[in-house]
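Observations on chain architecture
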Amino acid sequence: MTAEFPGGDPLVERMRPFGTTIFATMSALAVKTGAVNLGQGFPDTDGPAEMLDAAAAALRGGFNQYPPGPGLPVLREAVAAHQRRFWGLEYDPDGEVVVTAGATEAIAAAILALCEPGDEVVCFEPYYDSYAASIALARATRRPVTLRPGPDGRYAFDPDQLRAAFGPRTRLVLLNSPHNPTGKVFTRAELQLVADLCQEYGAYAVTDEVYEHLVFDDAGSPHVPLATLPGMRERTLRISSAGKTFSCTGWKVGWASGPAALVSAVLRVKQFLTFVNAGPLQPAVAVALNLPDTYFTGFTTGLQSQRDQLRAGLADAGFTVMQAEGTYFITTDIRPLGGTDGIEFCLALPERSGVVAIPSQVFYDDKDAGRHLIRFAFCKRPEVLTEAITRLNP
Ligand SMILES: *Cc1c(COP(=O)(O)O)cnc(C)c1O
């Protein structure tokens, strides 16, 4: 006897709300219309030459087999040294650092490792698109807190909404600063509020700091890792990756640092997701993390001038432009241009102006909060930005 083939959509129910990502849709539209793609946030130049040379040498130098589960020691040491140099944070490379397949795997493994079904995850919307999916995979529940632009163009949240999002089932808060897609850099006072609530409710913090080196000099605050606040190191898992800082988003080399119990929990899950990845790229990322300060300041200055260029062009085109304090992104209000719905606006923009942007509302649960906002990436060569600006200002 054969059981009947079940038929229908084989996808588990909890993943059905997650369709094709907006990036696939918009990138396909960019190709079809020949538009300048300022949608997806990846750079169009390669990272530092020293890093690329080290990767090429490693490929020829016997680094092509499985690295150790927690990552190559040389990379774990570089991750620890980098955090000591820039943020004064001390982590033992042997037990308090784990290398992952990008920040994305670290986030997924952290949520899967720490959340029981029904646990709640507090996160700020709009959020990076993998957060909701990872929370759903763990059968946990997201408790969004909404970021809205104020009259000064800076995004902020209502402290009462943050407080109300915490409760007896809160397991962790997932915090991304500098924040994609808003370009917000959380201030010390805002972080203190998050820290106080974590301590009051016995919650962990998982921080996504992939833009740690992209805070511009006119930001309202420098980058403050949440783990540096009193009482937070012991409950925070700090995540970052090479992709954004070293312009190598295709490498997918990330890491998580924190107290040994949290890192070990992540490792227990991670070993059955990918086990390990990017063997020959790991020593190259170690070289990059150890580059002198001038690399990091030059990187920030370069991106800031690209931001300034696009910001001016978007303002000339008539958008209301929000503060972009950090990251690769700038968001704008489309209402001065007669737009009301960002999805409609972004679907029409390639035909209308030959440029692709991303509607912010896809990153919100509260669609009304993001309906009039769209996001442009400025991590592109100046001549590409010039072309986009020319098209937006016919
Ligand atoms: C790009 C990005 C990531 C993904 O990083 P990978 O190292 O490529 O996995 C995670 N979080 C945010 C906010 C990002 O913008």
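Use the structure listed above.
Residues numbered from 1 in each chain as written. Predicted model: local features only at pLDDT ≥ 70, side-chain atom pairs only at ≥ 80, totals over all residues. Heavy atoms only, no water.

1. Quick look at unusual backbone geometry
How we decide: Where helices and strands are cited, they refer to DSSP runs of H or I of at least four residues and of E of at least two residues respectively, numbered from the N terminus.
Between S177 and the following residue, P178, the backbone shows a cis peptide bond with an omega angle of -15°. With respect to the helices and strands, the residue P178 is situated in the loop between β7 (170-176) and α7 (188-201). Of note, the bond from N180 into P181 is cis; its omega dihedral lies within 30 degrees of zero at 10°. Along the chain, P181 falls in the loop between β7 and α7.

2. A few points about the pattern of salt bridges
Selection criterion: Salt-bridge detection follows one rule: a side-chain nitrogen of Lys or Arg within 4 Å of a carboxyl oxygen of Asp or Glu. The cut-offs for exposure are 20% and 50% of the maximum accessible area for each residue type, with area from a 1.4 Å probe on protein chains only; residues under the lower value are buried, those over the upper are exposed, and the others partly exposed.
Inspection of every chain in the model, using the stated rule, returns 25 salt bridges. Among the ionic pairs, D44 bridges to R381, the shortest N-O distance being 3.3 Å. Of this pair, D44 sits in the loop between β1 (36-37) and α2 (49-60) while R381 sits in the loop between β15 (373-377) and α14 (382-392), and the two are 337 residues apart along the sequence. Residue classification places D44 among the partly exposed residues on the basis of a relative accessible area of 26%. Salt bridges linked by common partners bring D218, R307, D308 and R311 together as one network.

3. Topic: helix α12 (residues 342-353)
An α-helical segment advances 3.6 residues per turn. Residues three or four places apart therefore align on the same side. Heads up, the rule is: Think of the arc as the fan of directions from the helix axis to the C-beta atoms. For this analysis, residues touch if any pair of their heavy atoms sits within 4.5 Å.
Among the residues of α12, those classed as buried are G342, F345, C346, L349, P350 and S353. Projected onto a plane normal to the axis of α12, the buried residues spread over an arc of 135° and lie on a single side. Seen from the buried face of α12, the exposed residues on the opposite side, beyond 90 degrees, are E344 and E351. Of the surrounding secondary structure, the elements contacted by the buried residues of α12 are α1 (22-33), β13 (355-356), β14 (358-359), β15 and α14.

4. A few points about the site of the ligand
Note the following rule: A molecule or strand has a residue near it when one of that residue's heavy atoms lies within 4 Å. Throughout this description, a polar contact denotes any pair of N or O atoms lying within 3.5 Å of each other; where both atoms belong to protein, one of them has to be capable of donating a hydrogen while the other can accept it, and for residues adjacent in sequence the pair is counted only when both atoms sit in side chains. Each accessible area value is a Shrake-Rupley result obtained with a 1.4 Å probe; residue values ignore everything except the protein chains displayed when judging cover.
Inspection of the region around the ligand gives G102, A103, T104, Y128, N176, N180, D208, V210, Y211, S241, K244 and K252 as its neighbouring residues. Here an oxygen atom of the ligand sits 2.7 Å away from a polar atom, N or O, in the side chain of Y211. Coverage of the ligand by the protein amounts to 95% of the 390 Å² it exposes when considered alone. Tallying contributions element by element places helix α4 (residues 102-114) first for the shell around the ligand, with three residues.

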